[in-house]
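These are the residues of each chain, in order.
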Protein chains: 2
Amino acid sequence: MSYLVQLVLILVLTKLGAHLSNTLNFPSVIGELLVGVLAGPAVLHLLTPTSFTHYFAEIGVIVLMFIGLILSATSVSITVQVLKEMNHMNTREGAIILGAAVADDIMCVILLGICVSLFGTGAAAQSQSVGALALPKILFFILMLVLGKWFVPYFLRFFDKLNASENVATAALILCFGFAALAVSLGMSDVLGAYFAGLAISETSFKEKLALKIEPIGYAVFIPVFFVSIGLNITFKGMQHDLLFIGLLIIIAIIGKQFGGALGAHLFGLNLNEANIVGAGMVSRGEMALVVANVALSAHLIDQNHYTAMIVVTVITTLIAPLVLKLFIQRAQKEHSEIKQSRTKIDEVKS
Amino acid sequence: MSYLVQLVLILVLTKLGAHLSNTLNFPSVIGELLVGVLAGPAVLHLLTPTSFTHYFAEIGVIVLMFIGLILSATSVSITVQVLKEMNHMNTREGAIILGAAVADDIMCVILLGICVSLFGTGAAAQSQSVGALALPKILFFILMLVLGKWFVPYFLRFFDKLNASENVATAALILCFGFAALAVSLGMSDVLGAYFAGLAISETSFKEKLALKIEPIGYAVFIPVFFVSIGLNITFKGMQHDLLFIGLLIIIAIIGKQFGGALGAHLFGLNLNEANIVGAGMVSRGEMALVVANVALSAHLIDQNHYTAMIVVTVITTLIAPLVLKLFIQRAQKEHSEIKQSRTKIDEVKS
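What you see is a predicted model, and the numbers here were worked out from it, not measured in a lab.

**Student:** Would you take a moment to explain the overall build of chain A for this structure?
**Tutor:** What chain A contains, in helices and strands, is 13 helices and 0 strands. Mapped from its N terminus to its C terminus, chain A presents α and β elements in the order α-α-α-α-α-α-α-α-α-α-α-α-α. Over its C-alpha atoms chain A spans a radius of gyration of 22 Å, differing by no more than 12% from the 20 Å that the globule rule assigns to 351 residues. Along the first, second and third principal axes, the C-alpha atoms of chain A reach 75 × 50 × 45 Å. The proportion of buried residues among the 351 residues of chain A is 53%. Within chain A, counting contacts between residues at least 6 apart in sequence, those at least 24 apart form 76% of the total. On chain A, roughly 15,700 Å² of surface is accessible, and the fraction owed to carbon and sulfur atoms is 68%.

Below you can see the structure in the form of structure tokens.
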């Protein structure tokens, strides 16, 4: 099959999958993932990984992380959708979830970068001295902050003045791929560099203009190939041996986030219902979990069986999370209206 | 060099090249081309062709042809620029050039498709019977017209209703790559299919909306790689043997278009000055010539030396054409104002 036919098939299937998923009130990423699993070697053998899907999927995951902060489409996009749906966005819980999610993403990205550079099989991980290991990493984070603060705004303004077609959009992509390449050369993961490039651009006045330009490049070309490629890497052979692992991972993923998030929120003064909403809002990892699984697989931190397990866990928690969140919001809203009613009654008795 | 660094280098160099070119009043395509020649194996050895540049350049040329009609950026874009600059756009000559250029493009694309399928080394060209050769081609043109008229508008409306991110932009790309793949499967060139997809979309109400979405995908990602890849395929070894061929080609290219265009315009009633403007306006082939050279090289219709010769001729004619056009316009405007002056004098004498 020519790569053009592959690309056409991937684009058609993912958009239909996303539509079906959205229609059934599931996040669109679920549909796009399942389409890849169905079309891939695990089930229908329609698509197989090639050097073409490799390039496009790798650029897809980089662009996905890069877009994240520009479009505010972090890993809690599913939570945001539920909060909006239930008119619970402009509450204290909503604000806490959004803030915590950004912090969570940044920490996740940094931890991932450190894990890959310490335990991965990249070139930088081969040297054994702790100093030689730590130095490029420290250098990397300092570079990212310095470049992000001073170089990125200057670079965008410089390109904005150029007399060339799509100059600002190109500048943004140069920063995205340039930071990704820089991260790789310092022994970190490419998505980490792209994430910092997106973070820096989201602080500039070009943010809105660029969102409109970069979104089609991401969602109409590269990101669908990334989602499908996840399905292409999945294998169900021998999964029966991992069922216990998968079950444990699901429990840890849900309980850890739910109780951890709720505990933190409760300690800082939210009542039990509100704290539970915050906890449930943090459960879904969506896109971020997929990025982590992908980076871990390509750095040989996990094998294909554990990769499959991680994807299965991501799909299941992403499906469960919105339901749990809805439950807690409904309970909070019911309680809230009961308190209101009883207050009205008290007021009535008083007057 | 990793493909990310390659991509960053290509994007930075092409936009700087385009800016420099525009600043010096040359069309931007010249700067983008020369950047590829300089960075490529012919001069600095910074970039070499890889499977990555292969995929991106191939998609680039497809998207370039696809965008052509949606953005009205046909091969006379350089002419249009000059006409606008000199306030000569809304004249009879301007209208004739634009109309003739579209007809010229379509005929060029069709001739190219027929040449490739008859003389190229594609799978379909292997069979020897004339009937077996002609049938798929006739089928192809009928298919393109029927699909373009009925399927394309329906497909865009269908995707427009989908609940998925960037649904319409994705639909346009599906049509672009789908038609290209269809063309290949019927023994035609992929750019021919993409051109018909663009033609069909430009007739729908989605045209303006899509231009905004597809332009960044083309000009910020794939098309720069196509322009640079042309430079990567160029070789100056043994070019001294082709100097006569190049000289002849330049003379034929300029004289043929100049006299041919002027003759046609004069036969249909334009005066000599106006007819010369039309002729000069048709000389520049710009992007279309690059597409043709590229398709011909990959179909083994020409070798690398003739490819280099074609690119050199395209660059030189593209540099000369606007100068000649300006000359004729200045002459026409001068003559026009002289006629006006003498009329005013006659009027003054009369009164």
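**Student:** Can you help me understand the relation of the copies chain A and chain B in this one?
**Tutor:** Mapping one chain copy onto the other needs a rotation about an axis and a shift along that axis. Turning chain A through 180° and shifting it by 0.0 Å along the axis lays it on chain B, with an RMSD of 0.1 Å. One copy is carried onto the other by what is essentially a two-fold rotation axis. Ranked by how close their C-alpha atoms come to the rotation axis, the residues of chain A are headed by A:Ile217, at 2.7 Å. Here 100% of the contact residues of chain A are again contact residues in chain B; the copies associate through an equivalent surface.

**Student:** Would you mind showing me how to read the environment of B:Leu327 here?
**Tutor:** Residue and element names in this part refer to chain B. Structurally, Leu 327 is set in helix H13 (residues 304-350). Residue Leu 327 is classed as exposed on the basis of its relative accessible area of 57%. Leu 327 sits 77 residues away from Ile 250 along the chain, and the two C-alpha atoms are 19 Å apart.

**Student:** Would you explain the UniProt feature "transmembrane region" (unreviewed entry) in chain A in this entry?
**Tutor:** Residue and element names in this part refer to chain A. Residues given the UniProt feature "transmembrane region" (unreviewed entry) here are residues 55-83, 95-119, 139-156, 168-197, 217-236, 243-268 and 307-329. Between the first and last C-alpha atoms of residues 95-119 the distance is 36 Å; the span itself is 100% helix and 0% strand. Secondary structure content for residues 168-197 is 87% helix and 0% strand, while the C-alpha to C-alpha distance between its ends is 14 Å.

**Student:** Sorry if this is basic, but what is going on with helix H11 (residues 272-283) of chain A here?
**Tutor:** Residues and elements named next belong to chain A. Helix length check: H11, at 12 residues, gives a terminal C-alpha distance of 17 Å against a target of 16 Å (1.5 Å per residue), a fit within 8%. Of all 12 residues in H11, 10 are buried, a share of seventy percent or more. Among all positions in H11, only Asn 273, Ala 275, Asn 276, Ile 277, Val 278, Gly 279, Ala 280, Gly 281, Met 282 and Val 283 are buried. N-cap assignment for H11: the residue whose side-chain oxygen lies 3.0 Å from the backbone N of Asn 273 is Asn 271.

**Student:** Explain a nonpolar patch on the surface here, please?
**Tutor:** Together, A:Met1, A:Val5, A:Leu38, A:Val43, A:Leu44, A:Leu46 and A:Phe236 give the surface a local cluster of nonpolar side chains, amounting to about 640 Å² of exposed area. Turning to its location among the elements, A:Leu46 is positioned in the loop between helix H2 (28-39) and helix H3 (51-70).

**Student:** What is the right way to read the interface of chain A and chain B from this model?
**Tutor:** Listed per partner, the contact involves 44 residues of chain A and 44 residues of chain B. Taken together, both faces of the contact between chain A and chain B bury some 4,000 Å²; the carbon and sulfur share is 77%. Summed over the shared surface of chain A and chain B, the result is 0 salt bridges. Counting every contact that joins chain A to chain B gives 10 residue pairs in polar contact (both at pLDDT 80 or more). Within the residue set of the side of chain A that touches chain B, elements represented by two or more residues are helix H1 (3-23), H3, helix H6 (130-161), helix H7 (167-185) and helix H9 (207-233) of chain A.

**Student:** Where do I start with the environment of B:Gly36 in this structure?
**Tutor:** Residues and elements named next belong to chain B. Relative to the helices and strands, Gly 36 resides in helix H2 (residues 28-39). Relative accessible area serves as the criterion here: at 0%, Gly 36 is assigned to the buried category. In the structure, Gly 36 is positioned 194 residues away from Ile 230 in sequence and 6.8 Å away in space, judged by C-alpha atoms. Not counting chain neighbours up to four residues away, the residues in contact with Gly 36 comprise Val 228, Gly 231 and Leu 232.

**Student:** I would appreciate a short explanation of the nonpolar core in the present structure.
**Tutor:** Core analysis: the largest hydrophobic core is formed by 174 residues, its most contacted members being A:Phe56, A:Phe177, B:Phe56 and B:Phe177. Excluding residues within four positions of it along the chain, A:Phe177 makes contact with A:Ile59, A:Ile62, A:Val63, B:Leu4, B:Leu7 and B:Val8.

The rules we used
- Residues numbered from 1 in each chain as written.
- Chains lettered and ligands numbered in written order.
- Predicted model: local features only at pLDDT ≥ 70, side-chain atom pairs only at ≥ 80, totals over all residues.
- Heavy atoms only, no water.
- Helix = DSSP H or I, 4+ residues; strand = E, 2+ residues; numbered from the N terminus.
- Rg over C-alpha atoms; globule rule 2.2 N^0.38 Å.
- Buried < 20%, exposed > 50% of the residue type's maximum accessible area, 1.4 Å probe, protein only.
- Contact = heavy atoms within 4.5 Å.
- Areas by Shrake-Rupley, 256 points an atom, 1.4 Å probe, with all protein chains shown as cover.
- Least-squares fit on C-alpha atoms with pLDDT ≥ 70 in both.
- UniProt positions renumbered as here; feature names shortened; annotations may be inferred.
- Expected span 1.5 Å × (residues − 1).
- Polar contact = N/O pair within 3.5 Å; in protein donor to acceptor, adjacent residues only side chain to side chain.
- Patch = residues over 30% accessible without salt bridge, like charges linked within 9 Å, V, L, I, M, F, W, Y side chains within 5 Å.
- Salt bridge = Lys/Arg side-chain N within 4 Å of Asp/Glu carboxyl O.
- Buried area = accessible area lost by both parts, 1.4 Å probe.
- Core = buried A, V, L, I, M, F, W, Y, C linked by side-chain atoms within 4.5 Å.

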